[in-house]
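Chain by chain, the residues run as shown.
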Amino acid sequence: MKLTRFTDYAMRTLMHLAAHQDRLCSIAEVAQTYGISQNHLMKVVNDLVRAGYIEGIRGRSGGIRLGKPASEINLGILVRHTEGGFELADCGNCVISPRCRLTGILKEALSAFLTVLDQYTLADLTVRPRDFEEIFGLPQITRRSGDCT
């Protein structure tokens, strides 16, 4: 099983924002930190803003930040949102699906996967900003309150 790039980018973005709750972040900053496409990330962020996971602040001093506390962002719910209705196999188009037992087993496996994710929140993944900067080899920056990157 492999989650989509959309879900991957959503998780990375939320982890970044959770690690930098003291300030607004930019999409460019998140994209640069992870070495991912800024254009694709903009689509992910727009979706997360519409869903309330992220708050977007427009304007010259704008940026993005978490739209709710990290402890209220459940990973199972987030994955269900970003993946949409995902199936592990294309059983609907298979000629043996009416009698196939694999369909039920795959549904059970997916349910178990999501049940585990349901036990965790974004807060469980959050690292301190200093640790985050060390992971990526970024210089530790002293910022004034309200500064935006």
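Criteria and cut-off values
Residues numbered from 1 in each chain as written. Predicted model: local features only at pLDDT ≥ 70, side-chain atom pairs only at ≥ 80, totals over all residues. Heavy atoms only, no water. Helix = DSSP H or I, 4+ residues; strand = E, 2+ residues; numbered from the N terminus. Buried < 20%, exposed > 50% of the residue type's maximum accessible area, 1.4 Å probe, protein only. Contact = heavy atoms within 4.5 Å. Expected span 1.5 Å × (residues − 1). pLDDT = per-residue confidence, 0-100. Pairing = 2+ DSSP bridges.

**Side note on the overall build of the protein chain**
The helix and strand tally for the protein chain stands at 6 helices and 2 strands. Start at the N end of the protein chain and walk to the C end: the helices and strands fall as α-α-α-β-β-α-α-α. Put simply, the protein chain has 149 residues, and 34% of those count as buried. Relative to all contacts within the protein chain whose residues are 6 or more apart in sequence, the contacts with residues 24 or more apart total 68%.

**A word on helix 1 (residues 5–19)**
Counted at 1.5 Å a residue, the expected span for helix 1 with its 15 residues is 21 Å, and the 21 Å between its end C-alpha atoms agrees. Inspection of helix 1 places T7, Y9, A10, M11, T13, L14, H16, L17, A18 and A19 among the buried residues, and these make up the whole buried set.

**Here's the deal with the confidence of the model for the protein chain**
Within the protein chain, residue pLDDT values average 86, and 87% of them lie at 70 or more. Below pLDDT 50 for its whole length, residues 140–149 participates in 17 contacts with residues either more than four positions away or in separate chains.

**Re the pairing of strand 2 (residues 63–66)**
Both strand 1 (residues 54–57) and strand 2 contribute to a ladder of 4 bridges, which runs antiparallel. Its bridge partner being in strand 2, I54 is matched across the sheet by L66. Linking strand 1 back to strand 2 in an antiparallel pair, the connection comprises 5 residues, with G59 at a positive phi of about 105°.

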